[in-house]
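Chain by chain, the residues run as shown.
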Amino acid sequence: MATQHQQWLAAMEEKSRRRQEKFMDDIAARLNRPRLRHAPVQNFRGAPDFWNELEWDEEKRIQAFTENFISVGAHVIRVPDMGEVAHFITSKVHELNAKYIIRQNENALRDLELEGQLPDVQISVWNSAPDVDWKSRAAEADIGIVMADYATAYTGSVTVLSSPEKGRSVSLLPTVLILIIPLHRLHTRLGETLIDFDEAGRKQLPAGIHFISGPSRSSDIENDLTIGVHGPGIVYGVLVG
């Protein structure tokens, strides 16, 4: 019985391979060129030298990031220090009449002391208590507050990594997202961010690496643009420094 089963599997595999060969032969015939039997030789790999050497000064990075981030419907604010970050957040909470905030569990955000400045607002700290459905908490929040791990001027994107203290839901589920971006984390090219992941190796990568380029934007088959369907509908990038 086992021998018959193996013979049947071998026959099915051979039949499948013949169909694949015919399929590829038909493509080559329609393209009017011979079948490629081996991978083509690549004389160059990776980004060209001129791209790796591209480096803007700080003001150029700020200008490019601001223009690119705003062009997709986000907002950019520049402040000198974290004290002004706290002032911006409190003023935005009052402006939006927000009642519930969730933030990452990071020392820099704890030092903002938002609880003392917003006594009438419920502020939750991600993963700070057991037996809490933190995804639901994030979905209920009016505002999510996140520290950026990297930002890229050329693409106008912010990179946020996940960890037990930095749940991805904080940046994905609230109605409004505030991204705090220290200027020393703002780079010219995306490659300056990606190289750190390459050097870390697969086993050291976080569970989530998220590239955020403004509010959630979705279009149906008729290209009707809708904001905020699959993520925050309002995004603020706060450049600090």
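Just above sits the structure.
Small disclaimer: the values here were computed from a predicted structure and weren't measured.

(A) Region of the structure containing helix 4 (residues 82-96). In this model, helix 4 (15 residues) spans 21 Å end to end at C-alpha, consistent with the 21 Å of a helix rising 1.5 Å per residue. Considered for burial, the residues of helix 4 that qualify are Val85, Ala86, Phe88, Ile89, Thr90, Lys92 and Val93. Residues of helix 4 that are buried sit in contact with strand 1 (75-79), strand 2 (100-103), helix 6 (114-117), strand 4 (143-147), strand 7 (176-182) and strand 12 (234-240). Two or three places before glycine 83, at the start of helix 4, stands the capping residue aspartate 81, its side-chain oxygen 3.1 Å from that residue's backbone nitrogen.

(B) Summary view of a nonpolar patch on the surface. Residues Phe23, Met24, Ile27 and Leu31 make up a contiguous nonpolar surface patch of about 380 Å² in total accessible area. Following the sequence through the fold, methionine 24 ends up in helix 1 (residues 2-31).

(C) Structural context of the nonpolar core. Within the largest apolar cluster, 27 residues are counted, with the highest numbers of intra-cluster contacts made by Phe65, Val158, Leu179, Ile181 and Leu186. Examining the composition of this core, we find that 4 residues originate from one element, helix 3 (residues 58-71), more than from any other. Setting aside residues up to four positions removed in sequence, leucine 179 forms contacts with Phe69, Val146, Val158, Val160, Ile212, Val235, Tyr236, Gly237 and Val238. Counting 23 residues, the second-largest nonpolar core is a separate cluster that includes Leu112, Ile145, Val176 and Tyr236.

(D) Up close: the sheet that holds strand 1. Reading across from one edge, 1-12-7-4-2-3 is the order of the 6 strands in this open sheet, with parallel pairing throughout. The outermost strands of the open sheet, each flanked by one partner alone, are strand 1 and strand 3 (122-125). Each strand axis lies, on average, 20 degrees off the axis of its neighbour in the sheet, ignoring direction. Looking at chain direction, strand 7 and strand 12 are connected through 7 bridges and run parallel. Within strand 12, the position partnered with isoleucine 180 by the bridge is valine 238. Where helix 3 meets the sheet, its contacts fall on strand 1, strand 7 and strand 12, and the angle it forms with strand 1 comes to roughly 150 degrees.

(E) A look at the pattern of salt bridges. As enumerated under the stated definition, the model contains 12 salt bridges in all. Salt bridges linked by common partners bring Glu21, Asp25, Arg35 and Arg37 together as one network.

(F) The pairing of strand 4, seen in detail. Among the 5 residues in strand 4, 5 count as buried, and that is most of the element. Here strand 4 shows two buried faces, one formed by Ile143, Ile145 and Met147 and the other by Gly144 and Val146. Strand direction decides the pairing type here: strand 4 and strand 7, joined by 5 bridges, are parallel. In the strand pairing of strand 7, valine 146 is matched with leucine 179.

(G) How the structure looks around the packing of aromatic side chains. Counted under the stated rule, the structure contains 6 aromatic pairs. Ring geometry for tryptophan 51 versus tyrosine 154: centroids 4.8 Å apart, planes at 85 degrees, classification edge-to-face. Taken together, the residues span a long stretch of sequence, with tryptophan 51 in helix 2 (residues 49-52) and tyrosine 154 in the loop between strand 5 (150-152) and strand 6 (157-161) at a distance of 103 residues. Among the aromatic side chains, those forming a connected cluster through ring pairs are Trp51, Trp56 and Tyr154. The cationic tip of lysine 60 hangs over the ring face of tryptophan 56; the distance from NZ or CZ to the ring centre is 5.1 Å. The positively charged end of arginine 137 is found above the aromatic ring belonging to tryptophan 134, 5.6 Å away from the centroid.

Cut-offs and rules
- Residues numbered from 1 in each chain as written.
- Predicted model: local features only at pLDDT ≥ 70, side-chain atom pairs only at ≥ 80, totals over all residues.
- Heavy atoms only, no water.
- Helix = DSSP H or I, 4+ residues; strand = E, 2+ residues; numbered from the N terminus.
- Expected span 1.5 Å × (residues − 1).
- Buried < 20%, exposed > 50% of the residue type's maximum accessible area, 1.4 Å probe, protein only.
- Contact = heavy atoms within 4.5 Å.
- Polar contact = N/O pair within 3.5 Å; in protein donor to acceptor, adjacent residues only side chain to side chain.
- Patch = residues over 30% accessible without salt bridge, like charges linked within 9 Å, V, L, I, M, F, W, Y side chains within 5 Å.
- Areas by Shrake-Rupley, 256 points an atom, 1.4 Å probe, with all protein chains shown as cover.
- Salt bridge = Lys/Arg side-chain N within 4 Å of Asp/Glu carboxyl O.
- Core = buried A, V, L, I, M, F, W, Y, C linked by side-chain atoms within 4.5 Å.
- Pairing = 2+ DSSP bridges.
- Axes fitted to C-alpha atoms, helices over the stretch in contact; angles between N-to-C directions.
- Phe/Tyr/Trp six-rings, centres within 6.5 Å; stacked < 30°, edge-to-face > 60°.
- Lys NZ or Arg CZ within 6 Å of the ring centre and 35° of its normal.

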